[in-house]
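Each chain is listed here by its residues.
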Amino acid sequence: SAVISQKPSRDICQRGTSLTIQCQVDSQVTMMFWYRQQPGQSLTLIATANQGSEATYESGFVIDKFPISRPNLTFSTLTVSNMSPEDSSIYLCSVLRQGANYGYTFGSGTRLTVV
Amino acid sequence: TQLLEQSPQFLSIQEGENLTVYCNSSSVFSSLQWYRQEPGEGPVLLVTVVTGGEVKKLKRLTFQFGDARKDSSLHITAAQPGDTGLYLCAGVTGGFKTIFGAGTRLFVKA
């Protein structure tokens, strides 16, 4: 299965600033997914990033707050803009697995704390 | 809104004990996945079950998909400290959306 490198692994940011998270996949993939994981809550899909087109955002998430780039088939970034403490969370990128065991491969996550 | 309820939310047991974690929904899923997540890492896929009533084994872990494809269980036999982690279930709907449960945090004491 694919290997995903995600960085940074963690950061502490001041409110009002922005953070860009990067994900690099070791193989070409059509779709990359960005999730948020808040303590005690389920993973929530933020958006699906497709190469060559605008990302598709889920209900409750908007491009101005979470702009996404997808310049090629192996790389994507998620920016958390104008951060507030409510944005403190783990952010994960993922890709679909190939083969019989349908599911996702995830990056190691970015633990964001906004102070 | 489709929900996946996982229970228990937290479980602390001694090494060698058996345990079962449950994942329940009122919705039907085309498949269901189980992941384990360790601190500082992303979730890692353990298994995908597809057929109602299906049972899959992965060493000491046994996964079952309910006959109606609305629920699933994960049973661990003779738990070890290495089993410690957050166990997540995720159901795939007919519209190919994946819904995650909030997870069961397992701590196995040596």
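Just above sits the structure.
Counting restarts for each chain: residues are numbered from 1 in the order of the written sequence. Chains and ligands are labelled sequentially in the order written, the chains with letters from A and the ligands with numbers from 1. Two thresholds apply to this predicted model, a pLDDT of at least 70 for residue-level local features and 80 or more for giving and counting side-chain atom pairs, whereas whole-chain, interface and lining totals are computed over all residues. Based on all heavy atoms of the structure, the side-chain values leave hydrogens and waters out of the count.

Pulling in residues and values, what's your account of the state of the cysteines?
One way to say it: the disulfide is the covalent bond shared by the sulfur atoms of two cysteines. For the purposes of this analysis, a disulfide is any pair of cysteine sulfur atoms at a distance within 2.5 Å. The full count for this structure, using the stated rule, is two disulfides over all chains. Disulfide partner of Cys 23 of chain A: Cys 93 of chain A, at an S-S distance of 1.7 Å. Between Cys 23 of chain A and Cys 93 of chain A, the S-S torsion sits near -80°, and that sign places the bridge as left-handed. Pair noted here: Cys 23 of chain A is in strand S3 (residues 19-25) and Cys 93 of chain A is in strand S9 (residues 89-96), with a separation of 70 residues, a long-range link. Across a sulfur-sulfur distance of 2.0 Å, Cys 23 of chain B and Cys 89 of chain B are joined as a disulfide pair. Negative torsions about the S-S bond denote left-handed disulfides, and the value of about 80° found for Cys 23 of chain B with Cys 89 of chain B makes this one right-handed. You can see Cys 23 of chain B sitting in strand S3 (residues 19-24) and its partner Cys 89 of chain B sitting in strand S9 (residues 85-92), a full 66 residues away along the chain. Note on Cys 89 of chain B: relative accessible area 0%, which makes it buried. We note that Cys 13 of chain A lacks a disulfide partner, and the nearest cysteine sulfur, in Cys 23 of chain A, lies 16 Å from it. We count a stretch as a helix when DSSP gives it H or I for four or more residues in a row; a strand needs E for two or more, and each element gets its number in order from the N terminus. The cut-offs for exposure are 20% and 50% of the maximum accessible area for each residue type, with area from a 1.4 Å probe on protein chains only; residues under the lower value are buried, those over the upper are exposed, and the others partly exposed.

Mind laying out unusual backbone geometry, listing which residues take part and the relevant values?
Following Lys 7 of chain A, the chain continues into Pro 8 of chain A via a peptide bond in cis, with omega recorded as 0°. A cis geometry characterises the amide bond from Ser 7 of chain B onward to Pro 8 of chain B, with omega recorded as -10°. With respect to the helices and strands, the residue Pro 8 of chain B is situated in the loop between strand S1 (5-7) and strand S2 (10-14). Of note in the backbone geometry, Arg 69 of chain B takes a positive phi value of approximately 60° without being a glycine. Inspection of the secondary structure assignment puts Arg 69 of chain B in the loop between strand S7 (61-65) and strand S8 (71-76). The residue Phe 96 of chain B is not glycine, and still its phi comes out positive at about 65°. As for its position among the elements, Phe 96 of chain B is in the loop between S9 and strand S10 (98-100).

Please provide a residue-by-residue account of the environment of Gly 40 of chain A, values included.
Looking at where Gly 40 of chain A falls in the secondary structure, it is placed in the loop between strand S4 (31-37) and strand S5 (43-50). Sequence spacing of Gly 40 of chain A and Arg 70 of chain A is 30 residues, and the spatial spacing of their C-alpha atoms is 30 Å.

Explain the interface of chain B and chain A to me, and be specific about the residues and the numbers.
Accessible area lost upon the coming together of the parts serves often as the stated size of an interface. Contacts between chain B and chain A engage 21 residues on the former and 16 residues on the latter. Regarding the contact of chain B and chain A, the summed buried area is about 1400 Å², with carbon and sulfur atoms giving 50% of it. Together, Pro 43, Leu 45 and Phe 100 of chain B form the three largest contributors to the area buried by chain B at its contact with chain A, with a combined 34%. When a carboxyl oxygen of Asp or Glu lies within 4 Å of a side-chain nitrogen of Lys or Arg, that pair is called a salt bridge. Counting every contact that joins chain B to chain A gives one salt bridge. One salt bridge in this structure joins Glu 58 of chain A and Lys 97 of chain B, with 3.0 Å as the shortest N-O distance. N or O atoms within 3.5 Å of each other form a polar contact, as long as, within protein, one can give a hydrogen and the other can take it, and as long as residues adjacent in sequence are counted only when both atoms are side-chain atoms. Our enumeration of links across chain B and chain A arrives at six residue pairs in polar contact (both at pLDDT 80 or more). Secondary-structure elements contributing two or more residues to the side of chain B that touches chain A are strand S4 (31-37), strand S5 (44-49), S9 and S10 of chain B. Pairs of residues are marked as contacts when any of their non-hydrogen atoms sit within 4.5 Å. The term buried area means the drop in 1.4 Å probe accessible area that two parts suffer when joined, counted for both and summed.

Such coordinate-based values are descriptive only and should not be taken to indicate function.
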